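Working through the structure, step by step
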Amino acid sequence: KGGAPNGGAGPAIKSPGKGPAPAPAAPAPTPGSPEGPGSPTESPSASLATLPPDVAAWCRAVLAPLLGTPDNTLAEFLWSLPDAEEVRSYAELYLGTGERVAAFVREFVERRGRAQEAAKFQTVVRGSARGGRGEAAGAA
């Protein structure tokens with residue numbers, strides 16, 4: 001009985017050694033690992049995985065005229081980037097250059113910085129409430 005190795009259904013199976021080998025997947029960082037949450041190499045935006053509601057509303061209002069849609073996908077992507085230079089670069093790539101885009105980037109980076117500082121403070125306060133050594137533990 002001849003035929004395809006997979007019974008004739010679905011895509012053909014390639015023989016080994018043909019075509020490029022898939023790139024190995026990088027292992028996901030784990031808590032406590034050098035790249036895990038709370039580590040010095042952690043992305044500053046990792047403390048806030050999603051746009052806070054007030055920032056999301058502001059982004060919708062500012063980006064809707066620039067994009068022609070109230071969709072916040074671009075803002076969510078920009079929020080995930082590790083630094084202001086990448087935010088500026090991608091914003092210009094998708095929105096173009098000009099004063100309106102530059103003003104959006106400045107304000108976006110400022111709002112993200114404030115949100116990150118607030119998240120750090122909340123983490124410290126929560127840690128001290130559990131008996132941890134939070135910086136705010138001695139504050140009354």
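Small disclaimer: the values here were computed from a predicted structure and weren't measured. (Residues numbered from 1 in each chain as written. Predicted model: local features only at pLDDT ≥ 70, side-chain atom pairs only at ≥ 80, totals over all residues. Heavy atoms only, no water.)

Side note on the overall build of the protein chain
Here is the rule: Secondary structure counts use DSSP, requiring at least four H or I residues in a row for a helix and at least two E residues in a row for a strand, with both numbered from the N terminus. The contact rule is simple, with two residues in contact once any of their heavy atoms fall within 4.5 Å. To be clear on the numbers: accessible area is Shrake-Rupley with a 1.4 Å probe, and residue cover counts the displayed protein chains and nothing else.
Looking only at helices and strands, one finds four helices and zero strands in the protein chain. Intrachain contacts of the protein chain at a sequence separation of at least 6 include 52% that bridge at least 24 residues. Carbon and sulfur atoms make up 59% of the accessible area of the protein chain, which totals about 9,900 Å².

As for the confidence of the model for the protein chain
As a note on interpretation, predicted positions should not be read in detail where pLDDT is low. Defined as follows: Per-residue confidence from the predictor is given as pLDDT, running between 0 and 100.
Counting all residues, the mean pLDDT for the protein chain is 72, and 54% of those residues have values of 70 or more. Across residues 7-47, where pLDDT falls below 50, the model places 27 contacts with residues more than four positions away in sequence or in other chains.

Things to note about a nonpolar patch on the surface
Put simply, the rule is: Patch membership is restricted to residues that have no salt bridge and whose relative accessible area is over 30%. Joining uses 9 Å for like charges and 5 Å for the nonpolar side chains Val, Leu, Ile, Met, Phe, Trp and Tyr. Any Lys or Arg side-chain nitrogen found within 4 Å of a carboxyl oxygen on Asp or Glu counts as a salt bridge. Burial classes: relative accessible area under 20% of the type maximum marks a residue as buried, over 50% as exposed, and values in between as partly exposed (1.4 Å probe, protein chains only).
Together, Phe 77, Tyr 90, Leu 93 and Tyr 94 make up an exposed nonpolar region whose accessible area comes to about 410 Å². For the nonpolar patch, the leading source of residues is helix 3 (residues 84-95), giving three residues. Checked against the element boundaries, Phe 77 lands in helix 2 (residues 73-80). Looking at Phe 77, the relative accessible area reads 31%, which means it is partly exposed.

Focus: the pattern of salt bridges
In this structure the tally under the stated criterion is seven salt bridges. Across the salt bridge formed by Glu 110 and Arg 114, the nearest N and O atoms sit 3.4 Å from each other. With Glu 110 and Arg 114 both in helix 4 (residues 99-129), this residue pair falls four residues apart, about one helical turn. Look at the salt bridges and you will find they share partners, linking Glu 107, Glu 110, Arg 111 and Arg 114 into a network.

Looking at the packing of aromatic side chains
Our working rule: Planes of paired rings set the category: under 30 degrees apart is stacked, over 60 is edge-to-face and the rest tilted, where pairs are Phe, Tyr or Trp rings (Trp by its six-membered ring) whose centres lie within 6.5 Å.
Inspection of the entire model under this criterion finds four aromatic pairs. Between Phe 77 and Tyr 90, the ring centres sit 4.9 Å apart and the planes meet at 90°, which makes this aromatic pair edge-to-face. Placement of the pair is Phe 77 in helix 2 and Tyr 90 in helix 3, with a sequence separation of 13 residues. Taking the centre distance of 5.7 Å and the plane angle of 90° together, the rings of Trp 79 and Phe 108 count as edge-to-face.

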